[in-house]
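One letter stands for each residue in the lines below.
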Amino acid sequence: VLLLEGTNDVNSGTAPDTIVQSLRADVSRAKRMGISTAFLATLPPEVTGPGRFRATKPDDIVDTNDKIREAAEREGAILVDLYEAMYPQRELLIGDDGLHATSAGYKFMASTFLAAIRANLQVTGASTAPPSSFGLSRPLRGGSPFAAPRFRSAP
């Protein structure tokens, strides 16, 4: 099962602990249903600035993601760190509202999930290559989507 919480809950003021409790319950429910592997994603970054009217709580995204990382470890889920993978190219991967992914961003997210699946499950003939740039105007920077430094938004 692939799990990704929406950022609307964070922006509406839902406490990180409440969000993570819900995700942990989803992982537990999946296990009870016989699903052996859960992939739990961090929230993508928000992009603030002029015109980015929906990006209101970038630091709360960081705090929630820290709790999601802990929950993945506790629940035995495989972490898919979308935040870390997308952060270096967030201006290209997050749309004009500062919250939702662009078309390239959604493709990048899917590719990041696929890379995690390939890296953690036996898939015949699968490549473990990192996500591609999907025709972005400049190449994506950074290394593995599973091991990048943590970032906070500028004050």
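Above this note sits the structure.
The shown structure was predicted, so the numbers you read here are calculated from the model rather than taken from an experiment.

Visitor: Hey, could you run me through the nonpolar core in this one?
Guide: In summary, soluble globular proteins display a tendency toward joint burial of nonpolar side chains. Membership of the largest hydrophobic core comes to 17 residues, with the highest contact counts inside it found for Leu40 and Ile68. Of all the secondary-structure elements, those providing two or more residues to this core are α2 (16-32) and α3 (58-75). Ranked by residue count, the leading element in this core is α3, at 5 residues. The residues contacting Leu40, other than those within four sequence positions of it, are Leu3, Leu23, Ile68, Ala71, Ala72, Ala77, Ile78, Leu79 and Val80.

Visitor: Before we go on, may I ask you to explain α3 in this structure?
Guide: Every α-helix carries 3.6 residues per turn, so stepping three or four residues along brings you back to the same face. An ideal rise of 1.5 Å per residue puts 26 Å on 18 residues; α3 measures up with 25 Å between its terminal C-alpha atoms. Taken residue by residue, α3 has Pro58, Ile61, Val62, Thr64, Asn65, Ile68, Arg69, Ala71, Ala72 and Glu75 as its buried positions. Looking at the packing, one finds that the buried side of α3 touches α1 (8-11), α2, β2 (39-41), β3 (78-80) and α4 (82-86). Once α3 ends, the next one or two residues include Gly76, with phi positive near 75°.

Visitor: Honestly, the sheet that holds strand β1 (residues 2-3) in this entry has me stumped. Any pointers?
Guide: Adjacent strands of a sheet pair through backbone hydrogen bonds, lying either parallel or antiparallel. The 3 strands lie next to each other as β1-β2-β3, forming an open sheet whose pairing is parallel. Unpaired on one side and paired on the other, β1 and β3 mark the two borders of the sheet. Relative to β3, β2 runs parallel, the two sharing 3 bridges. The residue bridging Leu40 from the neighbouring strand is Leu79, located in β3. α3 rests against β2 and β3 of the sheet, and its axis sits at about 170° to β2.

Visitor: Looking at this structure, how should I read the environment of Ala116?
Guide: Mapped onto the elements, Ala116 comes out in helix α6 (residues 103-120). Its relative accessible area of 0% is what places Ala116 among the buried residues.

Visitor: Just checking my understanding: could you explain the pattern of salt bridges for this structure?
Guide: Opposite charge on two side chains permits them to pair, given that their charged atoms come into close proximity. By the definition in use, this model includes 6 salt bridges. The salt bridge involving Asp66 is made with Arg69; its shortest N-O contact spans 3.0 Å. On the criterion of helical spacing, the pair formed by Asp66 and Arg69 is a turn pair, its members being 3 residues apart in helix α3. Close ionic contact of Glu84 with Arg69 constitutes a salt bridge, the shortest N to O distance being 2.9 Å. Linking Glu84 in helix α4 with Arg69 in helix α3, this pair joins segments that are 15 residues apart in sequence. For the residue pair Glu84 and Arg69, the accessibility class agrees, reading buried in each case. One connected set of salt bridges, linked through shared partners, spans Asp66, Arg69, Asp81 and Glu84.

Reading guide: rules and limits
Residues numbered from 1 in each chain as written. Predicted model: local features only at pLDDT ≥ 70, side-chain atom pairs only at ≥ 80, totals over all residues. Heavy atoms only, no water. Core = buried A, V, L, I, M, F, W, Y, C linked by side-chain atoms within 4.5 Å. Buried < 20%, exposed > 50% of the residue type's maximum accessible area, 1.4 Å probe, protein only. Helix = DSSP H or I, 4+ residues; strand = E, 2+ residues; numbered from the N terminus. Contact = heavy atoms within 4.5 Å. Expected span 1.5 Å × (residues − 1). Pairing = 2+ DSSP bridges. Axes fitted to C-alpha atoms, helices over the stretch in contact; angles between N-to-C directions. Salt bridge = Lys/Arg side-chain N within 4 Å of Asp/Glu carboxyl O.

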